[in-house]
Structures are given as structure tokens and as C-alpha cells.
Amino acid sequence: MATLHRRSNTAGTVTVVKGAVEKVFHLCTGQMDTLGMVTPISQSAVVAAADGLAKQGLRVIAIAISEASHKVTAPFTEQAISTSLVLVGLQGMHVPHGADWARLLAAHNHCGYGDVSRYRH
């Protein structure tokens, strides 16, 4: 999902994108570090962080932003916003069945089916 926000003090806009980690990650050209600087994106670090949250029974989504100094006009498409998206973080959300999900994943992985924790919907 993407939302477009107009800045009140300039003609610029900010696009905020959220969704499945594996979908949003591939649209990003960089990631924001702890100082707010954009750095090259690290797939291994993002996947490890997402897997760590998912193994706790949390539903994980990625959040990315794109800033434009001009007014974004129609069409508001994936191609229009995906050229400058920056991953700003992951969010792990507790859901009522989260603990059951964590137990199910542990049993699934124990049986040798491989780690599917990051593919949780």
C-alpha cells in the first residue's frame, strides 16, 4: 500500500509505502541508517532482522519512503514511486494468534521443511 502526502510548506511530496518485506525490499534503492542517512541496502541484514521478528510470532511489514521536491501527478503507479524508495524500517506486530504461529513455525522447521517465517501473511 502506498500513500501520497503533500508537504504544507513546499511543493514537494512524500510517498510512504508499507507491505510485505519481500515485496517492498525489492523496490528500494537504499536504506536509512540510525543517523537518518541513506546507505546502500543490505539484503542479508534486512532478511535477518525480518526473520528474527517473525520467529517471535510477529507479523512483519517493511516501511519505505520517497521524497520528491516537486508535485507528483497522476498516474500514481509502482513504476512512478519505485525509483527512489528508501527502506526506513521493519515493523513487527503482535497478532492474537502470534504465539500459535511461532509454535507452528518451530514444528514446521523441526520437521525439515525449511524456514518459512518471513513468508507469513
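Scoring rules and cut-offs
Residues numbered from 1 in each chain as written. Predicted model: local features only at pLDDT ≥ 70, side-chain atom pairs only at ≥ 80, totals over all residues. Heavy atoms only, no water. Helix = DSSP H or I, 4+ residues; strand = E, 2+ residues; numbered from the N terminus. Buried < 20%, exposed > 50% of the residue type's maximum accessible area, 1.4 Å probe, protein only. Contact = heavy atoms within 4.5 Å. Areas by Shrake-Rupley, 256 points an atom, 1.4 Å probe, with all protein chains shown as cover. Polar contact = N/O pair within 3.5 Å; in protein donor to acceptor, adjacent residues only side chain to side chain. Pairing = 2+ DSSP bridges. Core = buried A, V, L, I, M, F, W, Y, C linked by side-chain atoms within 4.5 Å. pLDDT = per-residue confidence, 0-100.

Student: Can you walk me through the overall build of the chain in this structure?
Tutor: Along the chain, the regular secondary structure elements total 4 helices and 6 strands. Seen in sequence order, the chain has helices and strands lined up from the N terminus as β-β-α-β-β-α-β-α-β-α. Within the chain, the proportion of its 121 residues that are buried is 30%. Considering only residue pairs separated by 6 or more positions, the chain has 66% of its internal contacts joining residues 24 or more positions apart. When the accessible area of the chain is evaluated, it comes to approximately 7,600 Å², of which 59% is carbon and sulfur surface.

Student: Please clarify how the side chain of Ser66 should be interpreted in this entry.
Tutor: Inspection of the secondary structure assignment puts Ser66 in strand E5 (residues 59-68). Here the side chain of Ser66 touches Ser84 through a polar contact of 2.7 Å, side chain to side chain.

Student: Explain the pairing of E5 here, please?
Tutor: In the case of a regular strand, side chains alternate between the two sheet surfaces. Across the 10 residues that make up E5, a large majority, 7, are buried. In the sheet, E5 pairs with strand E6 (residues 85-93) via 7 bridges, with the strands oriented antiparallel. Across the sheet, Ile65 pairs through a bridge with Val86, a residue of E6.

Student: Would you mind showing me how to read the nonpolar core here?
Tutor: One finds Val21, Val24, Cys28 and Leu85 to be the most contacted residues of the largest nonpolar core, which totals 14 residues. Secondary-structure elements contributing two or more residues to this core are helix H1 (21-25), helix H2 (43-54), E5 and E6. Other than its neighbours up to four places away in sequence, Cys28 contacts Ile41, Ala64, Leu85, Val86 and Leu87.

Student: For this particular structure, what's the right way to read the sheet that holds strand E1 (residues 2-6)?
Tutor: Strand pairing in a sheet relies on backbone hydrogen bonds, with the paired strands running either antiparallel or parallel. Spatially, 6 strands are ordered E1-E2-E5-E6-E3-E4 in an open sheet, and the strand pairing comes out mixed. Among the strands making up the open sheet, the edge pair consists of E1 and strand E4 (38-39). Two strands pair when backbone bridges link them, and strand E2 (residues 13-20) and E5 are joined in this way by 8 bridges, in the antiparallel orientation. Note that in E5 the partner of Val14 across the bridge is Glu67.

Student: Just checking my understanding: could you explain the confidence of the model for the chain for this structure?
Tutor: When pLDDT is low, close inspection of the predicted coordinates is not appropriate. In the predicted model, the chain carries a mean pLDDT of 79, and the fraction of residues at 70 or more is 72%. The secondary-structure element of the chain with the lowest mean pLDDT is helix H3 (residues 78-81), recorded at 66, while E4 shows the highest, at 94.

Student: I tried to follow the pairing of E2 on my own but got confused; where do I start?
Tutor: Pairing of E1 with E2, which is carried by 5 bridges, proceeds in the antiparallel orientation. Across the sheet, the residue bridging to Leu4 is Thr15, located in E2.

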